[in-house]
Amino acid sequence: MGYAHDYAAAIMQRGRVPMAPADFVPNWSDGPRKAKYYPGVDSLPLPVAGYPADASLDRAFDGGAGAADPATGEGAFDLTSLSGMLLDSYGLTGRRLGVQANTDLSALPFYPLANWSRGSASGGGLYPVSVYWVSGPSGPVTPGVHYYSTRHHTMQRLLTGDVSGEVRESLGGYGADTDQYLVLGIKYWQNSFKYNSFSFHAVSMDLGAAVQTWRMWAGARGLSIEPAMWFDEARLQRLLGVQGEEEGVFAVVPLKWAGARGGSTQSQSQTQTQTQTPSPAGPGAGSVSVQLRDVERSREVFTFDALLKMQEATSARATERPAPGALTPAATPPADPDLPVAALPAARPMPADVRTVLRRRRSSFGRFDASRPVTGEQLAACLAASTAGSRLGGDTGTGPDGDGVRLTKLYAFVNHVEGVEPGAYEYDPDARELRLVKAGRPGEFLQRNYFLSNYNLEQAGAVLVPTIRTSAVLDAVGDRGYRLVNATIGAVAQSVYTASSALELGCGVALGFDNVSYIEELGLDATGEAPLLIMMIGNERPAPADFRYEIA
């Protein structure tokens, strides 16, 4: 067994055995920026895209969160759709100034500490995912490597010249025939300054949340997002000019581009500029790399042994893409047919467009109000969204077609839902019904095993808990499977967040709970299922104290 097994065990136990360094305290005044900073680079402003009337969340989920347009058989990106997807997922679209129960409330009114909202969720609101656009000759701009600047909604040019062949070759022939790619890196210090050793667990979920936002956005427009998670990571780190101990490369998304001639027919350009110079050659190394480096705000940057070991372990065999069916032994166990059934009504439709619900998405932070129960239709819609979100597609082996494997299972602790008695239930996604695991009000258990003070879990209508057989996934595909495990859970969380927004429900996601207590409460020892986060849904108190920043 590799190191990822040890790390996964430590995560499960951290509610009882703190992870090292247990005495670490963040230096908030010396924290990093929430994005990389490349001074003096050329920037390409991106268009602010419109959105089609039929781009509903229902269509995104019904199409498998990434299906091609059934009218044409396939869709293709252009600069406008790429811009819209990036803006609605990771761009700054609003400011959070509502009175709520989170611990950062006192800082919100001060502009230098402003909490900007985005469509995707992020652990601690830290947003460590770096989005790079590698564009070849088929694109609308001079070929090169660009970094998406979230604060400015611009593409910042890091390298000039066609290096799309480097990305294509790093994928080993996998993916669409294209010369346009989104490459997702994670700069660890943007998260580890706060979460230290725990940060790898959090950032790999952030990756899943970002990719799932893209899949919903694209699926609603008849476009396809199929992430690759197995590729030559070292080669792409060289291309991007980043060090593995500082930034991991977690996913590559090939983009089918409008008017493209096919990536495999494009030769690599030898155009040289001041941002493109020869790099040290190695096995499989390209001849060019980004020479620019982002400027770190923090005066002191720490490293953490567990984080370094997880980067090393999960990148060591990054080119060994699992064979079809490799994840079958790690599939979630079926619903227990002997448990009492609690029927659910049909899921409430979600016709709102994806852009609207993404911009409305937020964490509830103590606003739940049990006096207004969640309806059965709303609960059914959130449960169905969770199932759709667990199908990441691409080379993850979890897509909706072919021999895709279902890795996640969902449990629901019901507090206040119309037509459903309080209790702990498992969800059967095929029958779309609940099966009673333990009767009785779960509020006391939920609150006792939650570590923070920003939520009253008993006031939530329901607390949803996705589980995954982490050890079985690692046994099946190796340590890199840890990234897949957490990306899948992050995608589930983003789906429930977005569905809750469409259903006009509050939602909150948290990782600060006693995982072992949930295993014991739900009887998961025998199956090896690991509960990795909790998702609270419910109605919020009326007339919230929000500041209307947009009209100030």
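Look a little higher up for the structure.
Residues numbered from 1 in each chain as written. Predicted model: local features only at pLDDT ≥ 70, side-chain atom pairs only at ≥ 80, totals over all residues. Heavy atoms only, no water.

1. Examining the overall build of the protein
Inference 1: On a plain count of helices and strands, the protein comes out with 14 helices and 18 strands.
Inference 2: Within the protein, the fraction of its 552 residues that count as buried is 58%.
Inference 3: Nonlocal contacts in the protein, meaning residues at least 24 apart in sequence, comprise 80% of its contacts between residues at least 6 apart.
Inference 4: Taken as a whole, the protein presents about 21,100 Å² of accessible surface, with 52% of it coming from carbon and sulfur. (Helix = DSSP H or I, 4+ residues; strand = E, 2+ residues; numbered from the N terminus. Buried < 20%, exposed > 50% of the residue type's maximum accessible area, 1.4 Å probe, protein only. Contact = heavy atoms within 4.5 Å. Areas by Shrake-Rupley, 256 points an atom, 1.4 Å probe, with all protein chains shown as cover.)

2. Considering the pattern of salt bridges
Inference 1: Applying the stated criterion to the full structure yields 22 salt bridges.
Inference 2: The partner of K187 in a salt bridge is D294, with the nearest N and O atoms 2.7 Å apart. Taken together, the positions of K187 in strand β7 (residues 180-187) and D294 in the loop between β10 (288-290) and α8 (305-315) put the pair 107 residues apart, joining distant regions of the chain.
Inference 3: A relative accessible area of 21% places D294 in the partly exposed class.
Inference 4: Residues participating in the shared-partner salt-bridge network are R16, D514 and E520. (Salt bridge = Lys/Arg side-chain N within 4 Å of Asp/Glu carboxyl O.)

3. Overview of the sheet that holds β7
Inference 1: Pairing in this open sheet of 6 strands is antiparallel, and the strands run β1-β6-β5-β4-β7-β8 from one edge to the other. At either margin of the open sheet sits one strand with a lone partner, and together these are β1 (43-45) and β8 (247-254). Each adjacent strand pair in this sheet contributes to an overall mean axis angle of 30°, direction not counted.
Inference 2: Direction of pairing for strand β4 (residues 129-135) relative to β7: antiparallel, over a ladder of 7 bridges. Counted as the bridge partner of S130 is G185 from β7.
Inference 3: Its contacts with the sheet put helix α7 (residues 233-240) on β4, β5 (144-149), β7 and β8, and the angle it makes with β8 is roughly 100°. (Pairing = 2+ DSSP bridges. Axes fitted to C-alpha atoms, helices over the stretch in contact; angles between N-to-C directions.)

4. Description of helix α10 (residues 376-389)
Every α-helix carries 3.6 residues per turn, so stepping three or four residues along brings you back to the same face.
Inference 1: Taking 1.5 Å of rise per residue, the 14 residues of α10 would be expected to cover 20 Å, and the 20 Å separating its terminal C-alpha atoms lies within 8% of that figure.
Inference 2: When you tally the buried positions in α10, you get 13 out of 14 residues, the bulk of the element. (Expected span 1.5 Å × (residues − 1).)

5. Observations regarding the nonpolar core
Inference 1: Residues L182, L379 and L464 are the most contacted members of the largest nonpolar core, which totals 134 residues.
Inference 2: One finds L158, Y181, L240 and V290 within the second-largest nonpolar core, a separate group that totals 24 residues. (Core = buried A, V, L, I, M, F, W, Y, C linked by side-chain atoms within 4.5 Å.)

6. Structural notes on empty space enclosed by the protein
One simple way to see leftover space: roll a probe sized like a water molecule over the atoms.
Inference 1: According to the stated counting rule, one finds 2 cavities of 30 Å³ or more in the structure shown.
Inference 2: Roughly 60 Å³ of internal volume is contained in the largest cavity.
Inference 3: Along its surface, the largest cavity is lined by K34, A35, Y90, R118, Y127, V129, S130, V131, Y147, Y148, T150 and Q190.
Inference 4: Counting only elements with at least two residues in the lining of the largest cavity, the list comes to β4 and β5.
Inference 5: The dominant element in the lining of the largest cavity, judged by the number of residues it contributes, is β4, at 3 residues.
Inference 6: Residue classes in the lining of the largest cavity are distributed as 7 nonpolar, 3 polar and 2 charged.
Inference 7: By volume, the second largest cavity is sized at about 40 Å³.
Inference 8: Taken together, P32, R33, A35, K187, Q190, D294, V295, E296 and R297 make up the full set of residues lining the second largest cavity. (1 Å grid on protein atoms, 1.4 Å probe; cavity = no way out; pocket = protein on both sides within 12 Å on 5 of 7 lines; lining within 4 Å. Points joined across faces, edges and corners; volume = space filled by probe spheres on them. Nonpolar A, V, L, I, M, F, W, Y, C, P; charged D, E, K, R; others polar.)

7. Description of helix α1 (residues 3-13)
Inference 1: Those residues of α1 that sit buried are A4, H5, Y7, A8, I11 and M12. Relative to the axis of α1, the buried residues are bounded by an arc of 165° and lie together on one face.
Inference 2: Each element contacted by the buried residues of α1 is listed here: α6 (199-220), α8, α12 (470-477), α13 (481-502), α14 (515-522) and β17 (530-531). (Arc of directions from axis to C-beta.)

8. Comments concerning the side chain of T154
Inference 1: Along the chain, the position of T154 falls in strand β6 (residues 154-160).
Inference 2: On the accessibility criterion, T154 (9% relative accessible area) is buried.
Inference 3: In this structure, T154 is in contact with S43, L44, P45, L46, Y147, Y148 and S149, ignoring residues within four places of it in sequence.

9. What about the environment of E245?
Inference 1: With respect to the element layout, E245 can be found in the loop between α7 and β8.
Inference 2: A C-alpha to C-alpha distance of 8.3 Å links E245 and L307, two positions 62 residues apart in sequence.
Inference 3: Residues contacting E245, with those up to four places away along its chain left out, are Y188 and L308.

10. With respect to the packing of aromatic side chains
Inference 1: According to the stated counting rule, one finds 23 aromatic pairs in the structure shown.
Inference 2: Each ring, one from Y132 and one from Y147, has its centre 5.8 Å from the other, and the planes form 55°; the classification is tilted. Taken together, the residues span a long stretch of sequence, with Y132 in strand β4 and Y147 in strand β5 at a distance of 15 residues. For the pair Y132 and Y147, one class covers both residues: buried.
Inference 3: One cation-aromatic arrangement involves R480 over F231; the distance from NZ or CZ to the ring centre is 5.1 Å.
Inference 4: If you follow R483 out to its NZ or CZ, it ends over the ring of F250, 3.9 Å from the centre. (Phe/Tyr/Trp six-rings, centres within 6.5 Å; stacked < 30°, edge-to-face > 60°. Lys NZ or Arg CZ within 6 Å of the ring centre and 35° of its normal.)

11. A few points about the packing of α1 against α12
Inference 1: At a minimum axis distance of 10 Å, the contact between α1 and α12 shows a crossing angle of 170°. With respect to α12, the axis of α1 lies roughly antiparallel. Residues A4, H5 and A8 of α1 pack against T470, S471, L474 and D475 of α12. (Parallel < 35°, antiparallel > 145°, perpendicular 65-115°, else oblique.)

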